[in-house]
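Coordinate inspection notes
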Amino acid sequence: MRRKLVAGNWKMHGLRAQLGEVEAIAAAAAANPGVDATLCVPFTLISAAVGVAGALPIGAQDVHEADQGAHTGCISAPMLVEAGATLTIVGHSERRADQHETSHDAWAKAAAARRHGLQVILCCGETEAERDAGRAERIVQSQIEKSLPDGASPEWLTLAYEPRWAIGTGRTPTLDEIASIHAIARAKLRMMVGDAALGIRILYGGSVIGTNAAAILAVDNVDGALVGGASLTAEKFVPIIEAATSVSR
Ligand code: PEP
């Protein structure tokens, strides 16, 4: 039985003034012990967020593949660990689009995170043009094939299916479309890592909000949600954590 995971991605939002939201979300997470929750905040907020988050794991949104070196502006896994992060997102579609990151980059970043004991949320997902061309399944399979780190296991790896066209747009695939891609992702994982694939959580991400969360989280092979905009405040995020609890009963 895979426990649901509700992960917030604050993107480039969050100053110390928002630490009260972290505290409130942490309290709600503690009140929903049947599910897991986490917040991935900007690098600059990790340490302060850890200070108020109690048992709520705090993560990053990216990591460099090298441990150190001449990489201006980048942050390594040992730095994240020192700041108190316990996980990181890799391969988010905004980084693929804005920083031209590839699936190979995601693979290398995931490996670096793993070397230093960080959990990894590895993102994949098609563009709107790829979906319209009937290529969504092939794209997701190919991204998983190219980015799944060696030794992938449920202890440290979570996959997130995030159709790019659903991120921050208020649009979501149908429940059947979500079920179909998640089944394909599970099958691909199974081909690559065997039975370990049965324990690896696959999150759905893209315009999840309080009112659609329960339906999405009840879909087969949807083991949680990666949430952007609706994770920024406790008022919007806590109902998603509660929806995860309600579908886990
Ligand atoms: C995301 O950033 O991963 C995301 C899913 O964003 P949103 O929930 O705002 O669509």
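1. Some remarks on the layout of surface pockets
For the largest pocket, the calculated volume is near 400 Å³. In this structure, the largest pocket is lined by 14 residues; those nearest its centre are Lys 11, Met 12, Gln 61, Arg 95 and Gln 99. Considering every element that reaches the lining of the largest pocket, the biggest residue donor is helix H4 (residues 93-98), with three residues. Computed from the structure, the second largest pocket encloses a volume of approximately 280 Å³. Lining of the second largest pocket is provided by 19 residues; of these, Asp 36, Ala 37, Thr 38, Ala 55 and Pro 57 occupy positions nearest its centre.

2. Re helix H5 (residues 103-115)
The first and last C-alpha atoms of H5 sit 18 Å apart over 13 residues, in line with the 18 Å expected at 1.5 Å per residue. The inward-facing, buried residues of H5 abut helix H3 (77-83), strand E4 (87-90), H4, strand E5 (119-124) and helix H7 (136-147). Positive phi shows up at Gly 117, right after H5, with a value of about 80°.

3. Details of the environment of Ala 55
By the element assignment, Ala 55 lies in the loop between helix H2 (46-53) and strand E3 (58-60). Taking the C-alpha atoms as reference points, Ala 55 and Val 208, separated by 153 residues in sequence, lie 24 Å from one another.

4. Side note on the site of the ligand
Not every one of the 14 residues close to the ligand is listed here, only the nearest: Lys 11, Glu 162, Gly 168, Ser 207 and Gly 228. At 3.2 Å from an oxygen atom of the ligand is found a side-chain nitrogen or oxygen belonging to Asn 9. Lys 11 places a side-chain nitrogen or oxygen 2.7 Å from an oxygen atom of the ligand. Contact with the protein chains removes 96% of the 290 Å² of surface that the ligand exposes when unbound. Residue composition of the shell around the ligand, grouped by class: four nonpolar, eight polar and two charged.

5. Let's talk about the sheet that holds strand E1 (residues 5-9)
Pairing is parallel around the closed barrel formed by eight strands, whose spatial order is E1-E2-E3-E4-E5-E6-E7-E8. For this sheet, the mean inter-axis angle between neighbouring strands, taken without regard to orientation, is 25°. Pairing between strand E2 (residues 36-40) and E3: two bridges, direction parallel. Bridging across to E3, Leu 39 finds its partner in Ile 58. Against the sheet, H5 engages E4 and E5, with an angle of about 175° to E4. Taken strand by strand, helix H10 (residues 234-248) contacts E1, E2 and strand E8 (224-227), and its axis lies near 160° from that of E1.

6. Comments concerning the side chain of Lys 4
As for its position among the elements, Lys 4 is in the segment before E1. It turns out Lys 4 is buried and unbridged, and the closest side chain with the opposite charge, Asp 223, is 4.9 Å from it. At a separation of 2.7 Å, a polar atom in the side chain of Lys 4 contacts the main-chain carbonyl oxygen of Val 222. Setting aside chain neighbours within four positions, we find Lys 4 in contact with Val 35, Asp 36, Arg 201, Leu 217, Val 222, Asp 223, Gly 224, Ala 244, Val 247 and Ser 248.

7. Quick notes on the packing of helix H1 (residues 19-30) against H2
Where H1 meets H2, the closest approach of the two axes is 9 Å, and the angle between their N-to-C directions is 40°. It follows that H1 is oblique to H2 by the angle criterion. With respect to the hand of their crossing, H1 and H2 are arranged in right-handed fashion. Where H1 abuts H2, its residues Leu 19, Val 22, Glu 23 and Ala 26 lie against Ala 48, Ala 49, Val 52 and Ala 53. Partitioning the contact of H1 with H2 into residue classes produces seven nonpolar, no polar and one charged.

Rules behind the numbers
- Residues numbered from 1 in each chain as written.
- Predicted model: local features only at pLDDT ≥ 70, side-chain atom pairs only at ≥ 80, totals over all residues.
- Heavy atoms only, no water.
- 1 Å grid on protein atoms, 1.4 Å probe; cavity = no way out; pocket = protein on both sides within 12 Å on 5 of 7 lines; lining within 4 Å.
- Points joined across faces, edges and corners; volume = space filled by probe spheres on them.
- Helix = DSSP H or I, 4+ residues; strand = E, 2+ residues; numbered from the N terminus.
- Expected span 1.5 Å × (residues − 1).
- Contact = heavy atoms within 4.5 Å.
- Near = heavy atom within 4 Å.
- Polar contact = N/O pair within 3.5 Å; in protein donor to acceptor, adjacent residues only side chain to side chain.
- Areas by Shrake-Rupley, 256 points an atom, 1.4 Å probe, with all protein chains shown as cover.
- Nonpolar A, V, L, I, M, F, W, Y, C, P; charged D, E, K, R; others polar.
- Pairing = 2+ DSSP bridges.
- Axes fitted to C-alpha atoms, helices over the stretch in contact; angles between N-to-C directions.
- Buried < 20%, exposed > 50% of the residue type's maximum accessible area, 1.4 Å probe, protein only.
- Lys, Arg positive; Asp, Glu negative; His and termini not counted.
- Salt bridge = Lys/Arg side-chain N within 4 Å of Asp/Glu carboxyl O.
- Parallel < 35°, antiparallel > 145°, perpendicular 65-115°, else oblique.
- Left-handed = near helix turned anticlockwise from the far one by under 90°.

Just distances and angles here, no functional claims.
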